[in-house]
Each structure stands twice: as C-alpha cells, then as structure tokens.
Amino acid sequence: MDFVPGGELSRRIREGDVSAESELIRQFEPGLRVLLRRRTGGDHGLLQDLVQETLLVVIQRLRGAGIEDPQKLAAFAAQTARNLAIASLRKAERQKTDVDTDATDRNADPTQNVDAIAGDLEAALAVRALLRELPQARDRLMLKRFYLDDHDKHIICQEMDLSEAAFNQALSRARKRFRQIIEERGFAKRDLLSLGL
Amino acid sequence: MNQAHIDQYVAGRMGEAEACAFEDYCLANPEFARQVEYEQRLKAGLALVARGSTAEFVRSNDHPLRWNIAAAAAVLLSLFTMYFVWGHYFPPSAKPLLAAVTSESQRSGPALRLALVRGNENAPVLPDGSVRVEIVGLFDPGFHYSVGLDKLEKNTYDTVATLYSQHPTSPVTLEVMIESDKLPPGTYSLRVRKQSSDEESLDFSFVKF
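Right, let's walk through the structure included here. Just so it is clear, the model here is predicted, and its values are computed rather than measured. (Residues numbered from 1 in each chain as written. Chains lettered and ligands numbered in written order. Predicted model: local features only at pLDDT ≥ 70, side-chain atom pairs only at ≥ 80, totals over all residues. Heavy atoms only, no water.)

## Topic: the nonpolar core
Soluble globular proteins tend to pack their nonpolar side chains together in the buried interior.
Step number 1: A:Leu130, A:Met142, A:Leu143, A:Phe167 and A:Phe178 are the most contacted members of the largest nonpolar core, which totals 29 residues.
Step number 2: Among the elements of the structure, helix H6 (110-133), helix H7 (137-148), helix H8 (153-159) and helix H9 (164-185) of chain A together with helix H3 (30-52) of chain B are those that each provide at least two residues to this core.
Step number 3: If one sorts the elements of this core by residue count, H6(A) sits on top with eight residues.
Step number 4: Excluding residues within four positions of it along the chain, A:Leu130 makes contact with A:Leu143, A:Ala174, A:Arg177, A:Phe178, A:Ile181 and B:Leu42. (Core = buried A, V, L, I, M, F, W, Y, C linked by side-chain atoms within 4.5 Å. Buried < 20%, exposed > 50% of the residue type's maximum accessible area, 1.4 Å probe, protein only. Helix = DSSP H or I, 4+ residues; strand = E, 2+ residues; numbered from the N terminus. Contact = heavy atoms within 4.5 Å.)

Okay, structure coming up:
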C-alpha cells in the first residue's frame, strides 16, 4: 500500500472526505497496535479500545482545528496514542484498591479472561502448531531462548554450536510460518477456550 | 529500520527515545508495523505456551497418525453435536436467524445499537421480532466483514450463525438483521471480523430474555 502523505490526508479530512478517514485508519492502525501493545501489558481489550480512541481523537482533530504541522501527522498520532495509554494507566492506578485476591480468583469469569487475552491465545495456538511442525528440537529450543529467555543471538549460536547464518535462517523460517498459520487458520473463540489457559 | 531494530524493540532493549522514533516509523510504514506486530504476537504466544509447560519446546514430535485420528473423531463429534443442537433449537423456517439489511422497511422495525463501551457492565437487551442491529465501531468501507453470532455459555461458545461479505453502512456502522424470536434466552455475542485481513475480531455482547 502506498503511504499517502500526512499533509494531503489532513487536507482531505478537513474538507470532509470520508474516504480519507478510511485511508488514515488503514495506514495508522497497524503502527498504533504495535505502539499500544507495548504499553497495555497484554490486555487485548484495552489495546483495542485505545487504538479506536486514538483514531477517533486524530480524526476529530483533523476535522476541526487540524494540527500544526500536517507533514508530521504520523508522529502526532503516535504521541496521541502514548498520551492516551499514560492516561489509562494513571486511571487504573487511581482505581486500584485492596482486594481479596483469592476470592477474586475464585469468582473470576473465565469467559471475560478469554476476551481480555484472546489475541494472545490465538498466537499461542499458532505457536503450538508451529512447534509441532518444527522438525528439530534444536529449533524449538532456539525460539524459546531467543524470545522467552531474551538470550543474545551470539550466545545462543555459541552454546548451541550454530552458525549465525543457520540461526537467522531457522528464525526467519519460524517467523514466516507463524504468520502463515495465523493468516490461514483464523482461530475461533472455541479453539481458544480449548487451550485451557 | 531492519530486523535487528525489530528484535531490540520486541525484546524491550531500546531506550525510550529510540523506541519512540521506531514507533513513529511504524505509523508511517504500515507493512513494517504488521511485521513487528507478528513478532510481538509470536513472543506473547510463546510466553503463554511456556506458561502451561516448557515441555513443548523440548519434546520429540508426536506421532502424526494418532493426532489425525483424534482430530477426525473430534470433527465428527462436533458435526453431530451441531446437527443435534441446530435441529433442536432452530427448526427450519423461511427467515434466517442472521441476515443482511436488504430493504428500507426493515429500518422502521425494532432496532438495537451495539458499541464497545469500556466499563459498561450492563449488556444491552435484544428486543423481540425482526431486529435491526446497528454495530458501532471503526469500519473500513473498502472491505468485507464477516459477522458471527455466538451463544455464550459458562465455559464455551456456540456459533449459531455466520454471515459473510457484509459492507459497512458507513465508516462507523455496520448493520445486520436478527430474528430475535428464534433465539432461546441467554447471552450472545456478535463477532465482527474484517475478511482477508489479520485483524482480530470485535465482539459485541447482548442479552435475550
């Protein structure tokens, strides 16, 4: 997809062009998801809410007063998302009270939990499928050490007696396959519940 | 920006200023951002799987035939159950349970507006009759959407109907018709998903008395 310059999008939205608003959503949503995923600690519901809120704030601003430097529209949207994430965190902190954690756990509604982390559960199912497909135990262990234990690539290569090229190749294959599995399968909610996490 | 930057960002090894510059770049480059999001999801998925057991990472591969037989048995059982439940709850009838809005006359009947409202604890109630449901969210008019209707039980979901290739009425609304009288009382969820995309679905719950 070609990126439409911020200045042009800003102008078209100010002039009431609805298709420009759709373009803005298409262009910014993936980046906003990246940014907010890092700031919402795996709360899928909050992530979705904040993405929507950010897009609404940006669109409303462009429909009205506009922004100082329309060329920096992407940076403006990113900063709006950061501010909303901080505000949401502060609100959650303010609302924190002492609770009986055991009682809360006992009465927790499992379906609500699934909603909150549905996106990650989908990823977990894809990871399971990926791990089943990987022919060598070495590749599975490599993924764990790189992504979960955050070990440095060079140390992994050294300790597992791997060349850097072989490491990169195996990692790239795994990434590609993971994406394919997610795109092909489109897991249903009942699959997620069956994961029992 | 390259793979090394993605690795650093996903691992949380970037300083704040560098991370902000990286995020600004993601907003300006949607395809790059998608690549980053897959990395984030891979890491999150691995963490969830490892939470269950790290044995998944070290075990040898299972016997595929055994799993194939188990999967085939599970599919047959699911089909039989669906057939039974469908026949029991939804006898054949002219009007579909879930349908597109096709005429202006449908707009004069009962309606329900569903939106994602954080902190809203009271699920909206579906009125009786042929109900036009207006789903409020951010939609892309250039895409088709699928709408699934799930009946929510305590620990499970049953998809009772699915509608494909729906066009949003506007960038913020998508409408469908629900034959409310055919639904047994309970809690339901409309699952809206953008087709041909990797975006996650949006869920809108409601109650039928």
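From this point on, the discussion continues.
## Comments concerning the interface of chain A and chain B
Where interface size is given, it is often the accessible area lost as the parts come together that is meant.
Step number 1: Listed as interface residues are 67 residues of chain A and, on the opposing side, 63 residues of chain B.
Step number 2: When chain A packs against chain B, the two sides together hide about 6100 Å² of surface, and 57% of this comes from carbon and sulfur.
Step number 3: The tally of links between chain A and chain B comes to 13 salt bridges.
Step number 4: The salt bridge partner of A:Arg26 is B:Asp140, with a shortest N-O separation of 2.9 Å.
Step number 5: For the pair chain A and chain B, the number of links is 18 residue pairs in polar contact (both at pLDDT 80 or more).
Step number 6: Within the residue set of the side of chain A that touches chain B, elements represented by two or more residues are helix H2 (18-39), helix H3 (44-63), helix H4 (73-95), H6, H7, H9 and helix H10 (189-194) of chain A.
Step number 7: If one sorts the elements of the side of chain A that touches chain B by residue count, H2(A) sits on top with 16 residues. (Buried area = accessible area lost by both parts, 1.4 Å probe. Salt bridge = Lys/Arg side-chain N within 4 Å of Asp/Glu carboxyl O. Polar contact = N/O pair within 3.5 Å; in protein donor to acceptor, adjacent residues only side chain to side chain.)

## Thoughts on the pairing of strand E5 (residues 157-166) of chain B
Residues and elements named next belong to chain B.
Step number 1: Bridge count between strand E4 (residues 145-152) and E5: seven bridges; the pairing is antiparallel. Residue pairing across strands places Asp150 opposite Thr159, the latter belonging to E5.
Step number 2: The antiparallel hairpin formed by E4 and E5 contains four residues in its connecting segment. (Pairing = 2+ DSSP bridges.)

## Considering the sheet that holds strand E7 (residues 186-194) of chain B
Residue and element names in this part refer to chain B.
Step number 1: With antiparallel pairing, four strands are arranged side by side in an open sheet as E5-E4-E7-E8. Each end of this open sheet is capped by a strand with a single partner; those strands are E5 and strand E8 (202-208). Between one strand axis and the next, the sheet turns through 20° on average, direction left out of account.
Step number 2: Both E4 and E7 contribute to a ladder of eight bridges, which runs antiparallel. (Axes fitted to C-alpha atoms, helices over the stretch in contact; angles between N-to-C directions.)

## What to know about the pairing of E4(B)
The two faces of the sheet receive side chains in turn, since in a regular strand these alternate between them.
Step number 1: Along E4(B), eight of the eight residues are buried, which leaves the element largely enclosed by surrounding structure.
Step number 2: Because side chains alternate across E4(B), one face comprises the buried residues B:Tyr145, B:Val147, B:Leu149 and B:Lys151, and the other comprises B:Ser146, B:Gly148, B:Asp150 and B:Leu152, equally buried.

## Describing the sheet that holds strand E1 (residues 98-100) of chain B
Residue and element names in this part refer to chain B.
Step number 1: With mixed pairing, four strands are arranged side by side in an open sheet as E1-E6-E3-E2. A strand with exactly one partner marks an edge of an open sheet, and here the two such strands are E1 and strand E2 (111-115). With strand direction ignored, the average angle separating the axes of adjacent strands in the sheet is 30°.
Step number 2: Where E2 and strand E3 (residues 130-136) come together, five bridges link them in parallel fashion. Within E3, the position partnered with Ala115 by the bridge is Val136.

## As for unusual backbone geometry
Step number 1: You will see that A:Asp161, though not glycine, has its phi angle at about 55°, which is positive.
Step number 2: Take A:Asp161: it is sitting in the loop between H8 and H9.
Step number 3: On the basis of relative accessibility, which here comes to 72%, the residue A:Asp161 falls in the exposed class.
Step number 4: Although it is not a glycine, B:Ser165 adopts a positive phi angle of roughly 55°.
Step number 5: With respect to the helices, strands and loops of the structure, B:Ser165 is situated in strand E5.
Step number 6: A residue is classified by how much of its surface remains accessible, and B:Ser165, at 42% relative accessible area, is partly exposed.

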